[in-house]
Amino acid sequence: MKKLLSVLFLGVLVFALAGCGGGEDPAGDNAGGDDQLVVGFSQMEMNNPWRIAETESIQKEAKERGIKLVYTDAQGSTAKQVSDIESMVAQKVDYIALAPREFEGLAPALDAAKEAGIPVILVDRMAKGTPGEDFVTFIGSNFIEEGERAASWLAETMDGKGNIVELTGTSGSSVALDRQKGFVDKLAEVAPEMEIIASQTGDFARADGQKVMENLLQSQGDKIDAVYAHNDEMAIGAINAIKAAGKVPGEDIIVVSVDGTKDALNAIIAGELGATVECSPFFGPPVFDVIEKLENGESVPTEIINEDRFFDASNAEEFVDSAY
Ligand code: GYE
């Protein structure tokens with residue numbers, strides 16, 4: 001009897017020890033094998049410098065904190081993003097950081113994680129769901145404000161006059177909707193005479209931005225005074241198209257965008273891009289700070305908004321070397 005009791009006690013002790021720091025994984029049977037914390041990062045695509053910087057930031061921070069990272073790239077497909085997350089759930093990761101490509105369509109993945117008790121942290125774009133219920137928190141920029149800042153700069157630079165073409169981001173993404181809304185509303189307020197004469201998606205990609213701009217220059221070239229691109233990659237594509245059409249970017253057509261990549265800052269220095277609103281891709285530190293808090297049983301806010309800068313001819317030189 002005595003022996004049986006002590007075996008039982010030992011079993012309880014081992015179970016309790018294994019549970020320490022194991023998060024959702026008291027038996028220690030997660031993808032890390034032992035007590036090492038395992039975090040999944042579901043990236044949506046890797047088609048531009050911003051995404052590469054984001055992935056590298058998360059990989060670097062995981063490594064520095066001794067956390068195992070399970071990384072997936074959905075290659076621009078929401079269906080693949082859902083199955084990527086389902087496989088992370090099957091592997092019993094402790095947390096999932098999710099960069100949603102589209103606002104809609106991720107519910108099956110969020111449900112699977114919730115059912116398995118795996119906390120999800122949304123990064124960089126929003127997805128449909130209730131914070132604190134379907135996901136723990138959203139970490140990212142204020143996209144409405146980004147659109148407003150681009151509109152204010154353009155209105156001021158152009159004295160409240162001119163025709164604008166807008167190159168929008170990925171259709172169905174929260175960020176494209178908000179960057180448009182912020183811009184349109186601000187423009188109506190500060191420069192009611194300025195008009196958006198065309199608005200087309202370039203899917204946040206340089207080649208698409210260039211193609212769309214080529215077509216717009218062909219159909220209404222002489223009417224275009226300015227371009228608002230939802231990201232730097234499309235702005236660079238538009239600048240290429242403007243040059244190919246024999247016009248001078250920065251003089252004939254003023255360009256403004258969002259992100260703050262190295263190519264964009266170099267384009268500002270060259271006088272071809274007017275300004276870019278910063279949108280930080282460096283999610284490593286804030287994501288793992290949140291995870292650390294959750295591990296310690298602390299609560300986290302349902303929204304964590306990054307502080308972003310603004311780059312134009314006055315400071316591009318100063319920041320170009322540290323840009324990505
Ligand atoms: O601006 C863009 C990227 O979701 C905030 O997506 C992000 C945006 C970023 O592909 O370059």
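All residue numbers refer to positions counted from 1 along the written sequence of the respective chain. Where local features are concerned, this predicted model is filtered to residues with pLDDT of at least 70; where side-chain atom pairs are given and counted, the filter is 80 or more; whole-chain, interface and lining totals use all residues. Derived side-chain values reflect all non-hydrogen atoms in the structure, with water molecules and hydrogen atoms excluded from consideration.

Observations regarding the packing of helix α7 (residues 206-220) against helix α8 (residues 232-244)
At step 1: Interhelical geometry of α7 versus α8 gives an angle of 40 degrees and a closest axis separation of 7 Å. When the axis of α7 is compared with that of α8, the two are oblique. The element α7 and its partner α8 pack so that their crossing is right-handed. Note on element contacts: α8 touches α7 through E233, M234, I236, G237, A238, N240, A241 and I242, opposite R206, G209, Q210, M213, E214 and L217.
At step 2: Of the residues in the contact of α7 with α8, the class split is seven nonpolar, four polar and three charged. Axis definition: a line fit to C-alpha positions, over the contact stretch in the case of helices; interaxial angles, taken between N-to-C directions, run 0 to 180 degrees. Comment: elements are numbered from the N terminus, with helices defined as DSSP H or I runs of at least four residues and strands as E runs of at least two. By definition in this entry, angles of less than 35 degrees are roughly parallel, angles greater than 145 are roughly antiparallel, angles of 65 to 115 are roughly perpendicular, and the rest are oblique. Handedness of a crossing is defined here by the sense of rotation of the near helix relative to the far one, left-handed for an anticlockwise turn of less than a right angle and right-handed for a clockwise turn. We call two residues in contact whenever any of their non-hydrogen atoms come within 4.5 Å of each other. Classification convention: Asp, Glu, Lys, Arg as charged; Ala, Val, Leu, Ile, Met, Phe, Trp, Tyr, Cys, Pro as nonpolar; all other residues, Gly among them, as polar.

Examining the site of the ligand
At step 1: The local shell around the ligand consists of N48, W50, R51, D124, R125, F143, V175, R179, F204, N231, D259 and C279.
At step 2: Within the contact set of the ligand, an oxygen atom lies 2.9 Å away from a side-chain nitrogen or oxygen of N231.
At step 3: Residues are said to line a cavity or pocket when one of their atoms sits within 4 Å of a point; the points come from a 1 Å grid over protein atoms alone, cavities being sets where a 1.4 Å probe fits but cannot get out and pockets being open sets with protein on both sides within 12 Å along at least five of seven lines. For this analysis, a molecule is said to be in a pocket or cavity if more than half of its atoms are within 2 Å of the grid points defining it. Structurally, the ligand is housed in the largest cavity.
At step 4: When contributions to the shell around the ligand are tallied by element, the ones reaching two or more residues are α2 (49-64) and α6 (174-190).
At step 5: Taken together, the residues that form the shell around the ligand break down as five nonpolar, two polar and five charged.
At step 6: Where each domain starts and ends follows an automatic or database-derived domain assignment. Looking at which domains feed residues into the shell around the ligand, each of domain 1 (2-138 + 282-303) and domain 2 (143-279) supplies at least three. By convention in these notes, a residue is near a molecule or strand provided one of its non-hydrogen atoms lies within 4 Å of it. Counted as a polar contact is a pair of N or O atoms within 3.5 Å, where, for protein atoms, one must be capable of donating a hydrogen and the other of accepting one, and residues adjacent in sequence contribute only when both atoms are in side chains.

So, the pairing of strand β1 (residues 38-43)
Every other side chain in a regular strand lies on the same face of the sheet, so the side chains alternate between the two faces.
At step 1: Counting buried residues in β1 gives six out of six residues, a clear majority hidden from the surface.
At step 2: Residue exposure (1.4 Å probe, protein chains only): buried if accessible area is under 20% of the type maximum, exposed if over 50%, otherwise partly exposed. Residues V38, G40 and S42 of β1 are buried on one face, and the alternating residues V39, F41 and Q43, pointing to the opposite face, are buried as well.
At step 3: Sheet topology places β1 next to strand β2 (residues 68-73); six bridges connect them, and they run parallel. Pairing of V38 across the sheet is with K68, part of β2.
At step 4: Think of it like this: strands point away, you trace from the first strand over the helix to the second, and a clockwise trace means the crossover is right-handed. In the classification by handedness, the crossover that spans β1, the intervening α2 and the parallel β2 is right-handed.
At step 5: In short, DSSP must find at least two bridges between two strands for them to pair. Across four bridges, the pairing between β1 and strand β3 (residues 95-98) is parallel. Bridge assignment links G40 to a residue of β3, and that residue is I96.

Re the confidence of the model for the chain
At step 1: The quantity known as pLDDT measures the predictor's confidence residue by residue, on a range of 0 to 100. On average, residues of the chain carry a pLDDT of 92, and 90% of them reach 70 or more.
At step 2: Here residues 1-29 is a poorly scored stretch, pLDDT under 50, and it has 21 contacts once near neighbours within four places are set aside; other chains count.

With respect to the layout of surface pockets
At step 1: Grid points are joined across faces, edges and corners, and a volume is the space filled by probe spheres set on the points. Each pocket or cavity is described by its volume, and for the largest pocket that value is around 160 Å³.
At step 2: As for the largest pocket, its lining consists of F103, M126, F138, S141, N142, F143, S174, D178, E303 and I305.
At step 3: Elements represented by at least two residues in the lining of the largest pocket include exactly α6 and β11 (303-305).
At step 4: Of the residues assigned to the lining of the largest pocket, the class counts are five nonpolar, three polar and two charged.
At step 5: Taken together, domain 1 (2-138 + 282-303) and domain 2 (143-279) each give at least three residues to the lining of the largest pocket, which thus spans both.

Here's the deal with helix α9 (residues 262-269)
At step 1: A264, L265, A267 and I268 are the residues of α9 that are buried. All buried residues of α9 lie within an arc of 155 degrees about the axis, which places them on one face of the element.
At step 2: Next to the buried residues of α9 lie α8, β10 (275-278), β12 (310-312) and α11 (316-320).
At step 3: Within two residues after α9, G271 carries a phi angle of roughly 80 degrees, on the positive side. Relevant arc is that of directions from the helix axis to the C-beta atoms, nothing else.

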